[in-house]
Amino acid sequence: MTATVEVQVRQGWTGELWKDIQPIYDAILRHPFIEGLATGELSVDRFVHFISQDTHYLHEYTRGILALGAKAPNRAAALLLTNHAAAAANAETGLHAALLTDLGRDAEELQSINARPTTYAYTSFIVSTVLGGDFAEGLASIIPCFWIYAEVGKHLKAIGSANPIYQRWIDSYGGEDYLREVDLALALTDSVGESLSKDAEARARAHFRTAARYEWMFWDAAYRLEEWPI
């Protein structure tokens, strides 16, 4: 399966950041988890594993965004981050439970599956970066999730899924409301990048790459039905 939607080439700092992770994004699109969403052949167990880990992830991701909002350079940035945190929390409590119900599974299953190694590592990275770094570093650690999900959503929406439940998940991230929210976040990221020193920009860029790697690892962990090894 090949990509049918090209990622829009952006100017500014975000354009430079995306160049660094283009190979990672390409690998995500080629991953059998993503391909299985489109063909509908992804096993229900793998999708449930993904949703369960995304529930744990979004809980910590929301905490990280709210903490980052407290460091925001202005009211508009704080409001944007607060709104995104609320949207992430709604996905955790609403969309995930509905998807499991539609799959004929008990929504309580989401809470019975503990956070697995990749989820724990990724969320720990985000929270520690937000709390221990400056605003640009924290922003760079959360933007890849936001942005990559939008691009994957557009890619999958253009293809369509043979599974209507998987299509519902795709539509939530490939929809216009979510994409507008991402555009606002990317505009904020560009404005932050304009004033960074060389050293500060290098630190933030490294966090951006790390978060993008974790995105690939997150899909891969779900496909492998990752467990704690001991």
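In case you missed it, the structure is sitting above this.
Okay, so let's go over this structure. Just so you know, these numbers come straight off a predicted model, no measurement behind them. (Residues numbered from 1 in each chain as written. Predicted model: local features only at pLDDT ≥ 70, side-chain atom pairs only at ≥ 80, totals over all residues. Heavy atoms only, no water.)

Here helix α2 (residues 32-39) crosses helix α7 (residues 135-159) at 35°, and the two axes come no closer than 9 Å. Viewed along their axes, α2 and α7 form a crossing whose handedness is right-handed. Across from I34, L37 and A38 in α2, the residues of α7 making contact are V152, L156 and I159. Looking at the contact of α2 with α7, its residues break down into six nonpolar, no polar and no charged. (Axes fitted to C-alpha atoms, helices over the stretch in contact; angles between N-to-C directions. Helix = DSSP H or I, 4+ residues; strand = E, 2+ residues; numbered from the N terminus. Left-handed = near helix turned anticlockwise from the far one by under 90°. Contact = heavy atoms within 4.5 Å. Nonpolar A, V, L, I, M, F, W, Y, C, P; charged D, E, K, R; others polar.)

On to the nonpolar core, then. Judged by nonpolar contacts, the single largest core of 71 residues is most densely connected at F47, F50, Y61, I142 and W169. Counting residues per element, this core draws most heavily on α7, which supplies 14 residues. F47 has contacts with F33, L37, L42, L99, L103, Y166 and W169, leaving out every residue within four places of it along the chain. (Core = buried A, V, L, I, M, F, W, Y, C linked by side-chain atoms within 4.5 Å. Buried < 20%, exposed > 50% of the residue type's maximum accessible area, 1.4 Å probe, protein only.)

Our focus in this paragraph is the environment of D190. By secondary structure assignment, the location of D190 is in helix α9 (residues 176-193). With residues up to four places along the chain from it excluded, the contact list for D190 reads R10, Q11, G12, W13 and T14. Within the structure, D190 has its side chain in polar contact with the backbone nitrogen of W13 (distance 3.0 Å). (Polar contact = N/O pair within 3.5 Å; in protein donor to acceptor, adjacent residues only side chain to side chain.)

This part covers the packing of aromatic side chains. For the structure on display, the rule yields 23 aromatic pairs. The interplanar angle of 15° and the centroid separation of 5.1 Å between the aromatic rings of F50 and W219 together place this pair among those described as stacked. Taken as a pair, F50 in helix α3 (residues 44-69) and W219 in helix α10 (residues 198-223) lie far apart in primary sequence, 169 residues in all. The same class applies to F50 as to W219, namely buried. Look at Y149 and Y173: their rings are 5.0 Å apart centre to centre, the planes differ by 75°, and that puts the pair in the edge-to-face class. Pair noted here: Y149 is in helix α7 and Y173 is in helix α8 (residues 164-174), with a separation of 24 residues, a long-range link. Look at Y149 and you get buried, because its relative accessible area is 4%. The cationic tip of R46 hangs over the ring face of Y223; the distance from NZ or CZ to the ring centre is 3.8 Å. (Phe/Tyr/Trp six-rings, centres within 6.5 Å; stacked < 30°, edge-to-face > 60°. Lys NZ or Arg CZ within 6 Å of the ring centre and 35° of its normal.)

Before going further, it helps to spend a moment on helix α1 (residues 12-30). A rise of 1.5 Å per residue sets the reference length of α1, with its 19 residues, at 27 Å; its end C-alpha atoms lie 27 Å apart and thus fit the reference within 8%. A bend of about 55° at I21 is the largest found in α1, and the proline P23 appears one to four places after it. Of the positions making up α1, those classed as buried are W13, T14, G15, L17, W18, I21, I24, Y25, A27, I28 and L29. (Expected span 1.5 Å × (residues − 1). Bend = angle between axes of the 7 residues up to and from the residue.)

What follows concerns unusual backbone geometry. Even without a glycine there, the phi angle at L225 is positive, about 55°. Looking at the secondary structure, you find L225 in the segment after α10.

Further remarks concern empty space enclosed by the protein. A water-sized probe rolled over the atoms picks out the places where empty space is left. Summed over the entire model, instances satisfying the criterion amount to one cavity of 30 Å³ or more. In this structure, the largest cavity occupies an estimated 50 Å³ of space. Forming the boundary of the largest cavity are H49, F50, Q53, R116, T118, T119, F218, A221, A222 and E226. Those elements giving two or more residues to the lining of the largest cavity turn out to be α3, α6 (117-132) and α10. Among the residues making up the lining of the largest cavity, the classes are represented as four nonpolar, four polar and two charged. (1 Å grid on protein atoms, 1.4 Å probe; cavity = no way out; pocket = protein on both sides within 12 Å on 5 of 7 lines; lining within 4 Å. Points joined across faces, edges and corners; volume = space filled by probe spheres on them.)

Moving on, we get to the environment of I65. Mapped onto the elements of the fold, I65 is located in helix α3. In the structure, I65 is positioned 13 residues away from S52 in sequence and 20 Å away in space, judged by C-alpha atoms. Excluding anything up to four places from it in sequence, I65 contacts L81, H84, A85 and I142.

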